[in-house]
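Descriptive analysis of the structure
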Amino acid sequence: MRACLHCALARALGDEADELLRRRVVVTFGRSEAVWLPIAGARIYRELRRLLRRAASVGQDTTVRLNVIDLTGKAHVEVTAAVLTGGHAAVFSCAFPRFVGSALPSGFVEGYR
């Protein structure tokens, strides 16, 4: 099982579009490469929708800046939502594992000789 983070994000943004428009929230997204994760797309989608709702709840007439943080060597990929409205700033995030949980008990090849 593999799911595309960007595909889930596009779907979440589409499903939240009416509420974002109602609140006059502008969402921007930085350019990033496609990220495939070993978890169900529905789980990614739900977390991203929750992230968007939290960011939009900061206020009306705001801008939400989304970023995907995908660093080599990290065990997870993080999506952040930075919001600035008036004098109030907030950053929300959610993270998704890059590993398959059931494979962890078998250990790491580097540790065996």
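A brief report on the enclosed structure follows. (Residues numbered from 1 in each chain as written. Predicted model: local features only at pLDDT ≥ 70, side-chain atom pairs only at ≥ 80, totals over all residues. Heavy atoms only, no water.)

Where helix α1 (residues 5-22) contacts helix α2 (residues 41-56), the axes come no closer than 8 Å and their chain directions differ by 40 degrees. Our classification of the angle between α1 and α2 gives oblique. The interaxial crossing formed by α1 with α2 has right-handed handedness. Along the contact surface, α1 presents Leu5, Ala8, Leu9, Arg11, Ala12, Leu13, Asp15, Glu16 and Leu20, while α2 presents Gly41, Ile44, Tyr45, Leu48, Arg49, Leu52, Arg53 and Ala56. (Axes fitted to C-alpha atoms, helices over the stretch in contact; angles between N-to-C directions. Helix = DSSP H or I, 4+ residues; strand = E, 2+ residues; numbered from the N terminus. Parallel < 35°, antiparallel > 145°, perpendicular 65-115°, else oblique. Left-handed = near helix turned anticlockwise from the far one by under 90°. Contact = heavy atoms within 4.5 Å.)

What the rule picks out here adds up to 0 aromatic pairs. Between Arg11 and the ring centre of Tyr45, over which it is positioned, the NZ or CZ distance is 4.4 Å. (Phe/Tyr/Trp six-rings, centres within 6.5 Å; stacked < 30°, edge-to-face > 60°. Lys NZ or Arg CZ within 6 Å of the ring centre and 35° of its normal.)

A separate point is the sheet that holds strand β6 (residues 88-97). Strand order in the open sheet formed by 4 strands is β2-β4-β5-β6, with mixed pairing between adjacent strands. Each edge of the open sheet is held by one strand with a lone partner, namely β2 (26-29) and β6. On average, adjacent strands in this sheet sit at an angle of 20 degrees to one another, irrespective of strand direction. Here strand β4 (residues 63-69) pairs with strand β5 (residues 76-85) via 7 bridges, running antiparallel. (Pairing = 2+ DSSP bridges.)

Turning to the pairing of β6, a few remarks are in order. The sheet contact formed by β5 and β6 spans 10 bridges and is antiparallel. Bridge assignment links Leu84 to a residue of β6, and that residue is Ala89.

Let us look at α1. With 18 residues, α1 ought to run about 26 Å at 1.5 Å a step, and its terminal C-alpha atoms sit 26 Å apart, in line with that. If you look at α1, its biggest bend is around 55 degrees, right at Glu16. For α1, the set of buried residues is Leu5, His6, Ala8, Leu9, Ala12, Glu16 and Leu20. Within two residues after α1, Arg24 carries a phi angle of roughly 60 degrees, on the positive side. (Expected span 1.5 Å × (residues − 1). Bend = angle between axes of the 7 residues up to and from the residue. Buried < 20%, exposed > 50% of the residue type's maximum accessible area, 1.4 Å probe, protein only.)

All right, on to the pairing of β4 then. Residues Val64, Leu66 and Val68 point to one face of β4 and are all buried, whereas Thr63, Arg65, Asn67 and Ile69, pointing to the other face, are not buried. Count of turn residues in the β4/β5 antiparallel hairpin: 6 residues, of which Gly73 carries a positive phi of about 90 degrees.

In terms of nonpolar packing, the biggest core is built from 28 residues, with Leu5, Leu37, Ile44, Leu48, Val79 and Phe96 touching the most fellow members. Counting only elements with at least two residues in this core, the list comes to α1, α2, β4, β5 and β6. The leading source of residues in this core is α2, at 7 residues. (Core = buried A, V, L, I, M, F, W, Y, C linked by side-chain atoms within 4.5 Å.)

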